[in-house]
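Structural overview
Okay, here's what each chain looks like letter by letter:
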Amino acid sequence: MKILFFGTKSYDRQFFDETWKEKEYEQIQLDYVDTLLIPDTARLAQGYDAVCAFVNMDLSASTIETLAQCGVRLILMRCAGFNNVDLAKAKEKDITVMRVPGYSPEAVAEHAMALALTANRHTHKAYVRVRENDFSLSGLMGITLYEKTAGIIGTGKIGAAMARICRGFGMKVLAYDVYKNPSLDFAEYVDLDTLLAQSDLISLHCPLTEETHHLININTIEKMKDGVILVNTSRGGLIKTDDLIKGIRENKFFAVGLDVYEEENGSVYEDLSDAILAHSTVARLLSFPNVMVTSHQGFFAREALQAISKTTMENALSFMQGKKNGNEVE
């Protein structure tokens, strides 16, 4: 099997090459390109059996049409999310889509708490200030999380990990999900309105679907406590950015931590330090002193990258052997 990896960085090559050296994968050939997989670049897959893509790429109907014309039979997503894949078109073209459903959920959950703590205690501002010999404390006051209430929206593996972290901080944990996680016997499952009204910290850990798109909007924001901390390490589309900005301007939030945002596809993982982000809502978010933004790096831990590479290669091997391993996306 020949696999073409799109949008690869040095760390992708490092971990996939390390995994590929294992004897069981000797019949698989890996090739890498820097370019993202979009309709205009899909033709690069000519002669390949499979492509490997990430969450920031465009696997729309036109992309999949071209991949099918190139002879591609398998799309390997080296991530859990697949909302950027036209599954109906893939099925029509008899292309299998596989993903990595879980990779170190603790990595993402720990980053979510890091965002909450950084935005809350202004450590990013304090770091810069002290480096300039400014040891004043004005503007750096935060709040304690101890004995406050954490609201976890989505209690899959990552949400459950975040719930355990919040419990470790001495917080009361409220949870909202269609399905209850039996491992969270310390959490109280409530309806969404109750969670929004009672939580001091709200952390989003649900997939992006038609039902969850813009889950956080002006109506749900108005139901939150004044001075709430909001964190999103899941999908940018869960939050209606213009409504979030309105809430920030009206001092609804004490702090906001974002690892994902609606406009990220054009900028995530790219160095745009010399560019001007004209008419960008991201630029507006970056202008607020109580907002902490990172570039979709919640997964970016050694353990997670090892798990991603291993599972992706196992997915390719299962496909070669004509076996299903449960990571297929229907």
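The structure this text deals with has already been given above.
Since this is a predicted model, take the numbers as computed values, not measurements. (Residues numbered from 1 in each chain as written. Predicted model: local features only at pLDDT ≥ 70, side-chain atom pairs only at ≥ 80, totals over all residues. Heavy atoms only, no water.)

Some details on empty space enclosed by the protein
This structure, assessed with the given rule, holds two cavities of 30 Å³ or more. There is about 170 Å³ of room inside the largest cavity. Forming the boundary of the largest cavity are 16 residues, of which Tyr11, Asp12, Phe54, Arg78 and Phe299 lie nearest the centre. Of all elements in the fold, only helix H1 (10-20) and helix H11 (302-320) reach the threshold of two or more residues within the lining of the largest cavity. (1 Å grid on protein atoms, 1.4 Å probe; cavity = no way out; pocket = protein on both sides within 12 Å on 5 of 7 lines; lining within 4 Å. Points joined across faces, edges and corners; volume = space filled by probe spheres on them. Helix = DSSP H or I, 4+ residues; strand = E, 2+ residues; numbered from the N terminus.)

Examining the environment of Leu317
Following the sequence through the fold, Leu317 ends up in helix H11. On the basis of relative accessible area, Leu317 is assigned to the buried category, the value being 13%. Sequence-wise, Leu317 and Gly71 are 246 residues apart; in three dimensions their C-alpha atoms are separated by 18 Å. (Buried < 20%, exposed > 50% of the residue type's maximum accessible area, 1.4 Å probe, protein only.)

Focus: the pairing of strand S6 (residues 149-153)
Along any regular strand the residues' side chains alternate between the sheet's two faces. Burial runs high along S6: five of the five residues are buried. Here S6 runs beside strand S7 (residues 172-176); their pairing, made up of five bridges, is parallel. Note on S7: the bridge partner recorded for Ile152 is Ala175. At this point the chain moves from S6, through helix H6 (residues 157-168), to the parallel S7, and the crossover so formed is right-handed. Where S6 and strand S9 (residues 201-204) come together, four bridges link them in parallel fashion. Its bridge partner lying in S9, Ile153 is registered against Leu204. (Pairing = 2+ DSSP bridges. Right-handed = clockwise from strand over helix to strand, strands pointing away.)

So, the pairing of strand S1 (residues 2-5)
In the sheet, S1 pairs with strand S2 (residues 29-32) via four bridges, with the strands oriented parallel. Bridged to Lys2 within S2 is Gln29. What joins S1 to S2 is H1, and the crossover it makes is right-handed.

A few points about the sheet that holds strand S10 (residues 228-232)
Sheet architecture is open: seven strands sit in the order S8-S7-S6-S9-S10-S11-S12, paired in parallel fashion. Of all the strands in the sheet, the pair left with one neighbour each is strand S8 (188-189) and strand S12 (291-293). Both S10 and strand S11 (residues 253-258) contribute to a ladder of five bridges, which runs parallel. Counterpart to Asn232 in the pairing with S11 is Leu258. Contacts from helix H4 (residues 105-121) reach S9, S10, S11 and S12 within the one sheet, and its direction differs from that of S11 by about 140°. Packing of H6 onto the sheet brings it into contact with S6, S7 and S9, and relative to S6 it is tilted by some 175°. (Contact = heavy atoms within 4.5 Å. Axes fitted to C-alpha atoms, helices over the stretch in contact; angles between N-to-C directions.)

Everything listed here is a matter of geometry and, on its own, says nothing about what the molecule does.
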